Amino acid sequence: TVRRRLHPLALAERLDPRNSFHGGRRSRSRVPFEAEIAARLAREASALEWSRPLRSGAPADALYDSEAFALRTAGGVSVGYLRIGAFRPDPAALEDLGDELPESARGMDAVIGEALGELRDFEHWIIDLTGNPGGAWRDAGLLMSYLIPPSEETLPHVVRSVREARVLRVFPARVVETTRRARADVPYLGEGRRIHVLVDQDTASAGEIVASMLRGRLGARLVGERTAGAEFSTAEFRAPDGSVLRIGLGGGMVPPLESFQGRGLEPDVRVLPDSPIGDGEGRTDPEVWRATFRYRALRAALDRIDAEQSVTGDAPPGAGGP
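Description of the structure in this document.

1. Re helix α5 (residues 109-119)
Among the residues making up α5, those that are buried are Val111, Ile112, Ala115, Leu116 and Leu119. The arc enclosing the buried residues of α5, seen along the axis, measures out at 95 degrees, which places them on a common side.

Spelled out as structure tokens, the structure:
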């Protein structure tokens, strides 16, 4: 069963029809469910030229479902691809690594700095936030800091909360506090970039905040599906018995950036299935669609880059990267 998003080749290998897992799964046209995903992935991946990984695979990559590749469009344009699957470490991956990974190598810093350093030679970037449920404000802010001009001292997102206070130390009152996060002191890499951001219905919270910032500040194009619509930050309160209460706070994107609480971000390029989703002959299986969606979105972004190049004529085939 597919439980996590993998590189298309790794996933196709895992779902090899010769070793498919039946496990009570239904089949269509006597083709095992996993084999159907593998066949669909093979078709999607065949449209892509995964030139080479841009990094050997830092241990922290597994914590954030991160990878970076040098891609090439069908028209020959070089593209830097960066995937960030979450803005918080995956607990299961953290447990697997155990003591092998020192504390200093477990942060988003260990992923973002090196990956963006590799991408700086590319004019065209694709940032993959599909399935990104969000995470730490700090980690999302680190990525944004690389792409916000140093002249902007704070990130374009605020958190509003309410706390109890006393006026003149006597009268109880509630005070609204607004918190902003300073831009991290990192190199600015946003100038001159043409960015496409892959999003889907599972892109939420910090993932949406980054997508909104990239579109509003750098003119990035969102490719995929409407996002979840979780703009506000949350706070957690842990009880002595171990239970957790999570509540939503106020705030959100700083105008004129787009607000998306409760309605999500509408993509600039919507990716649709070839046939209606559902059960039955001639329909796209919902689970197959979800498992292969990010690669459909990636192909759509690469096609979009080619289309833009043909209109502007800014660069010949093969330009824009190593």
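Picking up after the structure, the text goes on.
2. Points about the pattern of salt bridges
One pass over the structure, following the stated rule, counts 16 salt bridges. A salt bridge links Arg194 to Glu123; the shortest N-O distance between them is 3.1 Å. With Arg194 in strand β7 (residues 194-199) and Glu123 in the loop between α5 and β4 (124-128), the pair connects residues that are 71 residues apart, well separated along the chain. Judged by its relative accessible area of 24%, Arg194 falls in the partly exposed class. The residue Arg138 makes a salt bridge to Asp139 at a minimum N-O spacing of 3.0 Å. For Arg138, a relative accessible area of 40% translates into the label partly exposed. Salt bridges here are not isolated pairs; linked through shared partners, they connect Asp65, Glu67, Arg83, Asp128 and Arg294.

3. Comments concerning the environment of Leu218
By the secondary structure assignment, Leu218 is in helix α7 (residues 206-218). Measuring from C-alpha to C-alpha, the distance between Leu218 and Ile195 comes to 7.8 Å, with 23 residues separating the pair along the chain. When neighbours within four sequence positions are excluded, Leu218 is seen to be in contact with Leu147, Tyr188, Gly190, Ile195 and Met213.

4. Comments concerning the nonpolar core
Counting 47 residues, the largest nonpolar core has Phe87, Trp125, Val197 and Leu214 as its most contacted members. Top element by residues in this core is α7. It accounts for seven residues. Apart from the residues within four sequence positions on either side, Val197 is in contact with Ile127, Leu129, Ala211, Leu214, Ala220, Arg221, Leu222 and Val223. In terms of nonpolar packing, the next biggest core, distinct from the first, is built from 17 residues, Leu71, Ile126, Val271 and Leu298 among them.

Each value, and the rule that gives it
- Residues numbered from 1 in each chain as written.
- Predicted model: local features only at pLDDT ≥ 70, side-chain atom pairs only at ≥ 80, totals over all residues.
- Heavy atoms only, no water.
- Buried < 20%, exposed > 50% of the residue type's maximum accessible area, 1.4 Å probe, protein only.
- Helix = DSSP H or I, 4+ residues; strand = E, 2+ residues; numbered from the N terminus.
- Arc of directions from axis to C-beta.
- Salt bridge = Lys/Arg side-chain N within 4 Å of Asp/Glu carboxyl O.
- Contact = heavy atoms within 4.5 Å.
- Core = buried A, V, L, I, M, F, W, Y, C linked by side-chain atoms within 4.5 Å.

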